[in-house]
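# Residue-level structural notes
Here is what each chain is made of, one letter per residue.
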Amino acid sequence: MRIVLVGPPGVGKGTQSELLTERFGAVPLSSGAIFRSEIEARTDLGEMAKRYIDQGRLVPNGVTIQMMAKRMRSAEVLKHGFILDGFPRTVDQAIALDQMLEDIEQPLDGVVSIEVDAEVVVARLSGRIGCTRCGAIYHKVTKPPKRDWICDQCNSPLFVRDDDQPETIRERLRVFDENTAPVIGHYEELGLVRRIDGDRDPEVVFGDIVRALGL
Ligand code: AP5
Ligand code: MG
């Protein structure tokens, strides 16, 4: 399986990536999660990315493309395929990805555009909590962990993302409209886009994605 999940912040890309990975065993590749682990490890890349992420802005294309290209070439990805989440996020990144996939002769199976109204994503992100270690995603009201602030899957502490503040969420939504909505247009022209209504139960959304991709 080789797919891209695209959509504004909070539509459920990470949630669907978890479900797809569990079912199909492809490698989940979230550019945001990779940046967050670089930030936690206090690497130079992490320090640089944090300045953009905390303001809801995009990390520059050059470093982002280089970081993702390295992962795309890993033996595991070549063998099991991938579920890209949050990359590509600009048309330049999409063109770079097209080139990477052409080089390894592994075309995309589809691009899943998950769609949810802005008010819904703001409510979702205001209650989101996540795992520092395994990346599992929870919500204080709709998907609470069994024990407060402890991950059900790996027992690590849970956290609230620094960029899940109301002003930063608004900026991320604006950045999506400006930079990432055109990525959907890029893939429309290639006939790869499957549009999915993300405003339903995660399992129902998952079923639609599986059907839309013909899996
Ligand atoms: P990234 O980590 O990719 O964040 P994002 O795109 O803003 O998306 P989110 O992770 O916030 O939301 P999601 O769609 O994954 O939703 P989730 O499943 O968690 O990027 C962060 C930052 O890194 C960017 O702003 C940028 O600065 C930088 N960056 C990343 N990639 C980059 C790139 N390629 N180029 C440049 N910069 C880049 O769900 C959200 C909540 O809703 C959860 O609480 C969940 O439980 C709940 N939920 C999910 N689905 C449902 C449902 N169906 N019903 C009810 N609740 C649901
Ligand atoms: Mg995510």
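Parameters at a glance
- Numbers given to residues run from 1 along each chain, matching the order in which its sequence is written.
- Each chain gets a letter, beginning with A, and each ligand a number, beginning with 1, in the order they are written.
- This being a predicted model, a pLDDT of at least 70 is required before a residue's local features are given, and a value of 80 or more before pairs of side-chain atoms are given or counted; all residues contribute to the totals for chains, interfaces and linings.
- As a rule here, side-chain values cover all heavy atoms of the structure and leave hydrogens and water aside.
- In this text, near means that some heavy atom of the residue lies within 4 Å of the molecule or strand in question.
- N or O atoms within 3.5 Å of each other form a polar contact, as long as, within protein, one can give a hydrogen and the other can take it, and as long as residues adjacent in sequence are counted only when both atoms are side-chain atoms.
- Using a 1.4 Å probe, the Shrake-Rupley method yields the accessible areas, and only the shown protein chains count as cover for residues.
- A helix here means a DSSP run of H or I that spans at least four residues, while a strand means a run of E at least two residues long, and both kinds are numbered starting from the N terminus.
- Any residue that is not Ala, Val, Leu, Ile, Met, Phe, Trp, Tyr, Cys, Pro, Asp, Glu, Lys or Arg is counted as polar, Gly included; the first ten are nonpolar and the last four charged.
- Strands qualify as paired when DSSP identifies two bridges or more between them.

### Points about the site of ligand 1
Taken together, 34 residues sit near ligand 1, with Thr 15, Arg 57, Arg 89, Arg 128 and Arg 172 positioned nearest. Separating a nitrogen atom of ligand 1 from a side-chain N or O atom of Ser 31 is a distance of 2.7 Å. Residue Arg 124 places a side-chain N or O atom 3.3 Å away from a nitrogen atom belonging to ligand 1. Isolated, ligand 1 exposes 1000 Å² of accessible area, and the fraction of that covered by the protein chains is 95%. With four residues, helix 2 (residues 31-40) is the single largest residue contributor to the shell around ligand 1. Partitioning the shell around ligand 1 into residue classes produces 12 nonpolar, 11 polar and 11 charged.

### Comments concerning the sheet that holds strand 5 (residues 128-131)
Across the sheet, which stays open at both edges, the three strands sit in the order 6-5-7 with antiparallel pairing between neighbours. The open sheet has two edge strands with one neighbour each: strand 6 (137-139) and strand 7 (158-159). In the sheet, strand 5 pairs with strand 7 via two bridges, with the strands oriented antiparallel. In the sheet register, Cys 131 faces strand 7, and the bridge partner there is Leu 158.

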